[in-house]
Number of protein chains: 2
Amino acid sequence: MVVVKYSDVVMLMVVVMVLVVGGGDGGVARELTRHPAVEEVVLCEIDEEVIEACKTHVPSMGCGFSNPKLTLHTGDGAKFLEETQEKFDVIITDASDPVVADEGEEGTKDGPAVSLFNHNYYTDMKNRLEEGGILCCQGENMWLDAKLIVTLVRGCRKIFPVVEYAYTCTPTYTAGQIGFILCATNPDMKLNEPVRVWDQREAAEMGLKYYNADVHRAAFALPTFMSQHLRTD
Amino acid sequence: MVVVKYSDVVMLMVVVMVLVVGGGDGGVARELTRHPAVEEVVLCEIDEEVIEACKTHVPSMGCGFSNPKLTLHTGDGAKFLEETQEKFDVIITDASDPVVADEGEEGTKDGPAVSLFNHNYYTDMKNRLEEGGILCCQGENMWLDAKLIVTLVRGCRKIFPVVEYAYTCTPTYTAGQIGFILCATNPDMKLNEPVRVWDQREAAEMGLKYYNADVHRAAFALPTFMSQHLRTD
């Protein structure tokens, strides 16, 4: 339950309610629940077997499911979003790619996550956001998927007053990089500046091994070719 | 020929003389020769066949060898450095990994580039630098090679007053990321701040598709685990 609006929440670090669509490996849940400001994480994953496999075989990530802050739903995330009456301060989409390999002529076909990469889905997310809420969605890879990223970002600009593209290095993802599409409902929000900067002691207490304020800002420093793809003029 | 010292050169953008050890694909030469301040690039590559293969099959990189600013030597870069009487404003090492796959018990063995990853090599480079000169060397991958990186950086700190570690995303390199070990002979040099920031027109004239000042600064924003590995205390 959210008791104050998001803009107050992030300042006061009181309570934040987060929805994760996907995230079946447990990693996003593990990281979210470290944060004292996060009161509840609702996670909706379509593939029950992924959850069980990660709990058994990748417990370093699967441990995310054992946190008492987590409420787990299994099912179609897009459908969950259409049907839920709840509102969230943050919605995170941690989906697989929209296309999967296929033996046909094209070499690819729509995968189970295709419904998480279209205008309707982003509109549904906006409708389930609290005032001042933000989104962070799987933003593919700028080297491989620039065309899809541009389409998504342009679509988001029609729905949200603030839209940014960011990325980070992740050695196990295609081409070693994953992007994020970030949208804010508050036109004054600067997504590239961390709302909260933790000192060394706080970061250690939370067990943060990767994230820090410098890495946050650096994630928004786009190569020139990508800035040009996403320019608004 | 260098006619003014490096600290003046970078301010005045007059002439810079660069040595590249390795770089047989031509990419580093291609990028260096874009810069009006770079007067001459001396490139020493051990593997003549790599050069010919890239000129023939990867002309987008191999074109770097056709620039009139380039002087090409083929041979052992470490030996070249020991024997040359020339001095350079910048030395770049674009080497392959120090180890290669092996069928033996360890799974790896020393590769041809092993001589470019030790204390002697870094000392030789320092001796061939002009006053105020800088190094930028292949710095492996922080996810896979943290131990080697820490050894190299600690070694460099014994030779140079300024040592930094940076990284960038490169989809074709192991785990999608490559690091840089940067050393400066001038104790006041801030390597994470670009000496020269190009405006859009200048960057377009130089044909820069990736590099810009934001990307330069972001390359130095290390994840917490890597900062901790490299801390000086």
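Residues numbered from 1 in each chain as written. Chains lettered and ligands numbered in written order. Predicted model: local features only at pLDDT ≥ 70, side-chain atom pairs only at ≥ 80, totals over all residues. Heavy atoms only, no water.

In the annotation of an unreviewed UniProt entry, chain A is listed under the name Spermidine synthase and assigned to Portunus trituberculatus. UniProt, in the comment section headed Sequence similarities (unreviewed entry), describes chain A in these words: "Belongs to the spermidine/spermine synthase family." (UniProt positions renumbered as here; feature names shortened; annotations may be inferred.)

For the rest of this paragraph, the subject is unusual backbone geometry. Even without being a glycine, A:Ala175 presents a positive backbone phi close to 65°. Summarising the element assignment, A:Ala175 is placed in the loop between strand E8 (162–169) and strand E9 (177–184). (Helix = DSSP H or I, 4+ residues; strand = E, 2+ residues; numbered from the N terminus.)

Our focus in this paragraph is helix H7 (residues 146–157) of chain B. All names here are of chain B. Along its twelve residues, H7 runs 16 Å from first to last C-alpha, staying within 8% of the 16 Å computed at 1.5 Å per residue. Listed in full, the buried residues belonging to H7 are Ala-146, Ile-149, Val-150, Leu-152, Val-153, Gly-155 and Cys-156. Buried residues along H7 sit against helix H6 (119–127), strand E8 (162–169), strand E9 (177–184) and helix H10 (224–230). (Expected span 1.5 Å × (residues − 1). Buried < 20%, exposed > 50% of the residue type's maximum accessible area, 1.4 Å probe, protein only. Contact = heavy atoms within 4.5 Å.)

Before going further, it helps to spend a moment on the sheet that holds strand E3 (residues 70–74) of chain A. Residue and element names in this part refer to chain A. Pairing in this open sheet of seven strands is mixed, and the strands run E3-E2-E1-E4-E7-E9-E8 from one edge to the other. A strand with exactly one partner marks an edge of an open sheet, and here the two such strands are E3 and E8. The average angle at which neighbouring strand axes cross in this sheet is 15°, direction not considered. Two elements, strand E1 (residues 16–22) and strand E4 (residues 88–94), share five bridges in a ladder whose sense is parallel. By the bridge assignment for E4, Val-20 is matched with Ile-92. Strand contacts of helix H6 (residues 119–127): E1, E4, strand E7 (129–138) and E9, with the helix running at about 145° to E7, the strand carrying the most contacts. (Pairing = 2+ DSSP bridges. Axes fitted to C-alpha atoms, helices over the stretch in contact; angles between N-to-C directions.)

Inspection of the secondary structure puts B:Asn118 in the loop between strand E6 (108–110) and H6. With 56 residues separating them in the primary sequence, B:Asn118 and B:Gly62 have C-alpha atoms 28 Å apart.

Turning our eyes to something else, we now look at the relation of the copies chain B and chain A. Screw-axis analysis of chain B against chain A gives a translation of 0.0 Å along the axis, an RMSD of 0.0 Å, and a rotation angle of 180°. The symmetry that links the two subunits is that of a two-fold axis. Relative to the rotation axis, the C-alpha of B:Gly176 is the closest in chain B, positioned 1.9 Å from it. Most of the interface of chain B is mirrored in chain A, where 100% of its interface residues again form contacts. (Least-squares fit on C-alpha atoms with pLDDT ≥ 70 in both.)

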